[in-house]
Amino acid sequence: MSQQIFEFSEQQEKELSDLFGERVNLSRRERHFYNHDVGALPSMAKKLLGKAEPAAIIKLKDENDVVNLMDFASRYSVPVVPRAGATSGYGGVIPTKGGIIADVGRLNHIYDIDREQLTATVGAGIVWEKLESKLNHVDLSVCSLPSSAPAATVGGWLGQNGLGYGSYEYGWSQDSMLSARLVTPEAEVREFEGNDLQTIAGNLGALGIITQVTLKIRPRRQTKAVSASFENPGALQKALQLIDERNIALWSISFINPGFADMKNRAPQKLHHGEPIVLEDTDLPKSYICNFFYPDNRNVDGLEDAIKEAGGSILPEQISKHETGEWFRTMKVKRLGPSFIPAEVVVPQDKVSTVINEINEKISLPVLIEGMVSRDGEVVLLCFIPHSERSFKFNMAFSLGLSIIKIAEDSGGKMYASGLYFAGQAEKVYGERLKQLMDIKKELDPSDIMNPEIFTGRGLFTSALSMAGKMEPLMRLVGNMSGVDKTEFKDQKNIPGDIISHAYTCAQCGYCVNECDQYYGRGWESQSPRGKWFFIKEYLAGRDEINQEQTDTFLACTTCELCDVRCQLDLPIENSWLRLRENLVQQRGKMTFPPFEIMAQSLNKERNIWAEYRQGRDEWVPEDLKPKIKEKADYAYFAGCTASFVEKDIAEASARMLSDAGIDFTILGKEESCCGIPMLAAGKWDVFENIMKMNVGNMKKKGVKTVITSCPACWFVWHTYYRQWAEKLGIDYDFEVKHYSEVLAERMDVLEPKLKVPLEKTVTIHDACHMGRAGGIYEPPRKLAKAIPGVEYREMEHNRENGHCCGSVLTLVDEPDVANVIGGVRLKEAEAVGADIMLAACPCCQVQLRVSAQKSNIPVDVQDLGATVARSMGYDIPDTTNDALAGWAVFEQMIYLMKPENMTNLMMELMPQMMEAMPSYMRGMMKTVKYVPGMDKLMVPMMPKMMPMLLPSLMPKVMPDMLEAVTRHVQMPDYMEEQLPDLMPKAMENLMPNMLPHIAPLLTPRMIEYIKQN
């Protein structure tokens, strides 16, 4: 039998590292993020469940990896729990015996699409939404897909065997799948097809790891919908019956109850940077709303007659469109929860009315119901009871889920799935198939390595649930009295109340995970938005702490806002992380990324982030343009730091195009400061406030009414943050703000005739996050690009609001190697569509993408949109690629130098000077290490405590030597080296208190060895 393993031996850890390299994670802290699924268990149930954390997480990249893992696991009897999207709530991925979480997310390749046979062979880890998107590109589509398609995987749905959209025509998930490859615990690869495939469907990862699936697909058609309203479940049931009897060829049928419709109407507005987005109102009737979906080429005559004959009424087309758009947003209403008590059951179609009426009669708390209808006369009812997991009453109310299961069973129904949480109900769920599953498990997994306890249950936990089921009437009585009023969230442990509310509201659905660049750049759950919300809950519960590692996790988010687009609950995710940065860095005194401290000192001294001299800020202005730039004007061009000092082609091109478009404008010149967004993102809001006041004041002196930027981050700051801060600080602020592409797109009648030099290249546009998702500016850059003669324009797969981030700024400043991975993902998209040039309308994106192209050797030329347009107008605009690469190389060297390991090496270089600078009594103590036996061992625990007391007095004395050492390691330009004495001391003063805990363990043994030898 498999062992209970929560920690591996050193030998086992080495073996895993040799096998999987960086794809194995043994960090105790990271492992904690893999102890749950989407479900929120009551506190009492968690205690009964006991410890459930893996000893390692392994990201599997191919089938050979899986074979190696199984070989390791079988030799050591290590439990293995396969994990994909973790979108189910039945405890299917809970490592109750520790062992290994096998993350199959990278098994996501599309191996074959057969357009004649209408089949697709894919990696089991591919997400349904991704597969559907790829198929759509070749006018194909999946047959059916789960309601959690933005996160659920193909292999996961086979392992669960569920119903979803399209199940009215195609049935359960297994019915549209033809074969699967599975690696057994004995490291054998087995192929299952036909009837054999049915025997492993719904196995919940208990038989092995599915690596590949072949499934049926269909020609793509536009989906049409009819929505209808029914006053009661009886009328709804009658409509379903009539549609069946008349063989109306629908693709999918789903419905919600009045409570669900009501909560949809009351769901809070989506916020964008703290401000509500006003959308067109779609007021749903408080009734049973049923949605009927079908391909647009299909004859569904008789559908409306069946609806009306059953007593229903056809709803306006606006509602059917709305409901189609809400396919994968079931959990949106959780914003009003903030927690849900779930119960998912399968009932006969002819018992839908009976079951729903009985739920309404027996359950006093509100029950939200969503139904999904299958072709075989079964209906899945997904039931949710709004509650609060923070309330002790949640423990009692949770039993109402068992009452709903009992109601379904009394009408010939069953639970939707069993899993760990309902292992005691497995026989009712699977019926005769359970014996088949257990027989094949004994054959394939005699040692019970794979997902142990998934069918047998977990001791006291399973027994307690079983007992609660037997006492259902009593438990229901208690549960019905355990409702809660609206939950108020107050500030707690210095975390703002609204952010706490979001953490508990998060459905843990995983929609935000795979497309998060911080996640796919690093690969671990803690880095995802879902992981960060989970951390906040664990911190508030006292099961985790805010340390520097967690601070870095919040800081590393690139602020791309794709998570805000992906979140089905419309949580203001990026804005929450922004506020937490300030909370962590300024209020709690945690360390921001070290390069930001150098930037902050450069901003304070010279008003830019590149450590350039302020007097050179306007040197980008060509001589022939200087007379055209006004001293005062309604328009001002704000160049920003990078365009002013590094990629000067951007500033020159922007100014030339604005001038040629007939716009009189001014610039701030030497008085221009950085927009300040690096400091806002770094958590140094005091520096940002000073910069903001300076820029706003200088613009007002110039009489400016409209600020034009070339940098999307500058646009974002001027458009949104400056306005919000001005309001907060009581500063008058009345600027219109535009990106140059917006201004020029409005003047194409003037500009287009001047575009005469053909490019003769295939180009694509990279959408900058800070003006795309942050501001909705997508079409103006495309309009400019397409106007260039000779251009063949192609769109990347991910574009506009779904465009991938370049990986710049926060990630670049933290981990350049990770930023290159993220940038590489974007560049490969351009390469995939055959683009010669990727046009960027953002200086920072351009720097990052150019660096990524160089480091990843991807043959895509990255150019500025404005410079490319200006060249087409006949201007000799220089290519600044080399300048950008050289400018960034200096910062990259500085970033690596400030890593704990390299700072330790630097301090060892300075050890003679540090010893000389120590007080005489300390030097005397140090000598005893060399001459007194055992003193070295005594010094090991003492040194980390002594260093914080010593260094403040030592640093001023050794600073000249440190500056000299830094210039040896960082090949910096003269202007930066000249300023280093002004920048470094204050930066190190801010950094050292937080860096020392990381440096001390590395420095202490080397320091002791140095003393012994000298």
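Use the structure listed above.
Quick notes on the rules
Per chain, residues are indexed from 1 in the order of the written sequence. At least 70 in pLDDT is required for a residue's local features to be given in this predicted model, at least 80 for side-chain atom pairs to be given and counted, and no such filter applies to totals for whole chains, interfaces and linings, which use all residues. Working from all heavy atoms in the structure, the side-chain values ignore hydrogens and water. Helix and strand labels come from DSSP, where a helix needs a run of H or I of at least four residues and a strand needs a run of E of at least two; each type is numbered from the N terminus. The classification of residues rests on relative accessible area computed with a 1.4 Å probe and restricted to protein chains. Under 20% of the type maximum is buried, over 50% is exposed, and intermediate values are partly exposed. Two residues form a contact once any of their heavy atoms are found within 4.5 Å. Shrake-Rupley sampling with a 1.4 Å probe provides the accessible areas, and residues are treated as covered by the protein chains on show and by no other component. Interaxial angle, 0 to 180 degrees, is taken between N-to-C directions of lines fitted to C-alpha atoms, where a helix line uses only the stretch in contact. Working rule for angles: under 35 degrees goes down as roughly parallel, over 145 as roughly antiparallel, 65 to 115 as roughly perpendicular, anything else as oblique. Definitions for this section: a left-handed crossing has its near helix turned counterclockwise from the far helix by less than a right angle. A right-handed crossing has that turn clockwise. Under the scheme applied, nonpolar residues are Ala, Val, Leu, Ile, Met, Phe, Trp, Tyr, Cys and Pro; charged residues are Asp, Glu, Lys and Arg; polar residues are all the others, including Gly. Salt bridge, as used here, is a side-chain nitrogen of Lys or Arg placed within 4 Å of a carboxyl oxygen of Asp or Glu. Two strands make a pair as long as DSSP finds a minimum of two bridges between them. The directions from the helix axis to the C-beta atoms are what the arc is built from. Like-charged residues are merged into a patch within 9 Å and nonpolar side chains (Val, Leu, Ile, Met, Phe, Trp, Tyr) within 5 Å, provided each residue has over 30% relative accessible area and no salt bridge. We define a polar contact as two N or O atoms separated by no more than 3.5 Å, with the added condition that, inside protein, one atom must be a possible hydrogen donor and the other a possible acceptor, whereas residues neighbouring each other in sequence contribute only through side-chain atom pairs. Put simply, buried Ala, Val, Leu, Ile, Met, Phe, Trp, Tyr and Cys residues joined by side-chain atoms within 4.5 Å make one nonpolar core. The aromatic pairing rule takes the rings of Phe, Tyr and Trp, using the six-membered ring of Trp, and pairs them if the centres are within 6.5 Å, calling planes under 30 degrees apart stacked, those over 60 edge-to-face and the rest tilted. Geometrically, a lysine NZ or arginine CZ counts as sitting over a ring once it is within 6 Å of the ring centre and also within 35 degrees of the ring normal.

Bringing the overall build of the protein chain into the picture now. Across its full length, the protein chain holds 44 helices and 28 strands. Considered along the principal axes of its C-alpha atoms, the protein chain spans approximately 85 × 85 × 55 Å. For the protein chain, buried positions account for 62% of its 1014 residues. Put simply, 79% of the contacts in the protein chain that link residues at least 6 apart link residues at least 24 apart. Element-wise, carbon and sulfur atoms account for 49% of the exposed surface of the protein chain, whose accessible area totals about 38,400 Å².

For the pair helix H22 (residues 529-540) and helix H25 (residues 573-587), interaxial distance at closest approach is 11 Å and the crossing angle is 50 degrees. Compared by their axis directions, H22 and H25 come out oblique. Handedness of the H22/H25 crossing: left-handed. Contact with H22, carried on its side by Pro529, Lys532, Trp533 and Ile536, involves Ile573, Ser576, Trp577 and Leu580 of H25 and no other residues of that element. Of the residues that constitute the contact of H22 with H25, the class distribution is six nonpolar, one polar and one charged.

Before going further, it helps to spend a moment on the pattern of salt bridges. Enumeration according to the criterion identifies 68 salt bridges in this entry. With a closest N to O distance of 3.0 Å, Arg221 and Asp296 form a salt bridge. Here Arg221 is found in the loop between strand S10 (209-219) and strand S11 (223-230), whereas its partner Asp296 is found in the loop between strand S15 (288-295) and helix H11 (303-309), with 75 residues between them in sequence. Classification of Arg221 as partly exposed rests on a relative accessible area of 40%. Its relative accessible area of 34% is what places Asp296 among the partly exposed residues.

Our next topic: the sheet that holds strand S4 (residues 100-103). Strand-to-strand pairing in sheets goes through backbone hydrogen bonds, with the strands running parallel or antiparallel. The mixed open sheet is built from four strands, whose spatial order is S1-S2-S4-S3. Two strands in the sheet have a free side with no partner beyond their single neighbour: strand S1 (24-25) and strand S3 (80-83). Across two bridges, S1 lies against strand S2 (residues 56-59) in antiparallel orientation. Each residue of the ladder has a partner; that of Asn25, found in S2, is Ile57.

To continue, consider helix H1 (residues 10-20). An α-helical turn contains 3.6 residues, so a residue and the one three or four places further along point in the same direction. Regarding H1, the residues found buried are Gln12, Glu15, Leu16 and Phe20. Along the axis of H1, the buried positions cluster into a sector of 105 degrees, meaning they face one direction only. In this structure, H1 carries Glu10, Gln11, Lys14 and Asp18 as exposed residues pointing more than 90 degrees from its buried face. The elements touched by buried residues of H1 are S1, S2, helix H4 (63-76) and S4. Positive backbone phi, approximately 55 degrees, marks Gly21, located one or two places after H1.

Here the focus is a nonpolar patch on the surface. A contiguous nonpolar patch, built from Met467, Met471, Leu474, Leu477, Val478 and Met481 and spanning about 580 Å² of accessible area, is present on the exposed surface. For the nonpolar patch, the leading source of residues is helix H19 (residues 472-480), giving three residues. Considering the arrangement of structural elements, one finds Met481 in the loop between H19 and helix H20 (497-505). Judged by its relative accessible area of 61%, Met481 falls in the exposed class.

Next up on the list: the side chain of Gln848. Residue placement: Gln848 occurs in helix H37 (residues 843-856). Within the structure, the side chain of Gln848 is placed 3.1 Å from the backbone oxygen of Ala819, a separation counted as a polar contact. Contacts of Gln848, omitting those with residues within four sequence positions, involve Cys806, Gly807, Ser808, Leu812, Ala819, Asn820 and Gly823.

With that out of the way, let us pick up the nonpolar core. Of all hydrophobic cores here, the largest spans 169 residues; its most connected members are Trp718, Tyr722 and Val966. If you tally residues by element for this core, the top one is helix H44 (residues 974-1013), at 16 residues. Other than its neighbours up to four places away in sequence, Tyr722 contacts Cys674, Cys675, Phe688, Ile691, Met692, Asn695, Val696, Val717 and Tyr733. Grouped together as the second largest cluster of nonpolar side chains are 166 residues, Leu182, Ile341, Ile363 and Tyr539 included.

Glancing now at the packing of aromatic side chains. In total, this model carries 32 aromatic pairs according to the counting rule given. Here the aromatic rings of Trp685 and Trp725 are separated by 5.5 Å at their centres, their planes lie at 70 degrees, and the arrangement is edge-to-face. Of this pair, Trp685 sits in helix H30 (residues 685-701) while Trp725 sits in helix H31 (residues 712-729), and the two are 40 residues apart along the sequence. A residue is classified by how much of its surface remains accessible, and Trp685, at 15% relative accessible area, is buried. Ring pairs connect the aromatic residues Phe638, Trp685, Phe688, Trp718, Tyr722, Trp725, Tyr733 and Phe735, which therefore count as one cluster. Lys59 extends its terminal NZ or CZ atom over the ring of Trp524, reaching a point 5.5 Å from the ring centre.

We now examine the pairing of strand S9 (residues 189-193). By the bridge criterion, five bridges tie strand S8 (residues 177-183) to S9 in an arrangement that is antiparallel. From the neighbouring strand, Arg181 faces S9, where its bridge partner is Glu191.

Its place among the elements puts Pro948 in helix H43 (residues 935-969). Classification of Pro948 by relative accessible area gives partly exposed; the value is 41%. Taking the C-alpha atoms as reference, Pro948 lies 67 Å from Arg221; in sequence the two are 727 residues apart.

So, on to the side chain of Glu472. Secondary-structure assignment places Glu472 in helix H19. Judged by its relative accessible area of 7%, Glu472 falls in the buried class. For Glu472, the side chain forms a polar contact with the side chain of Ser403, separated by 2.7 Å. Other than its neighbours up to four places away in sequence, Glu472 contacts Leu402, Ser403 and Lys406.

Before going further, it helps to examine helix H10 (residues 258-266). The complete set of buried residues in H10 reads Pro258, Phe260, Ala261, Met263 and Lys264. Check the buried side of H10 and you find it contacts strand S12 (252-256), S15, helix H12 (317-325), strand S18 (368-373) and strand S19 (378-387).

Quick look at the sheet that holds strand S17 (residues 339-348) now. With antiparallel pairing, the eight strands of this open sheet are ordered in space as S16-S11-S15-S12-S18-S19-S17-S20. The sheet terminates laterally at strand S16 (313-314) and strand S20 (414-415), the two strands that pair on one side only. H12 rests against S11, S12 and S15 of the sheet, and its axis sits at about 110 degrees to S11. Packing against the sheet, helix H13 (residues 352-362) makes contact with S12, S15, S17, S18 and S19, and its axis sits at approximately 15 degrees to S19.

Next up on the list: the environment of Asn990. Tracing the backbone through its elements, the reader meets Asn990 in helix H44. A C-alpha to C-alpha distance of 9.4 Å links Asn990 and Gly589, two positions 401 residues apart in sequence. In this structure Asn990 touches Glu597, Gln601 and Lys684, once residues within four positions along its chain are discounted.

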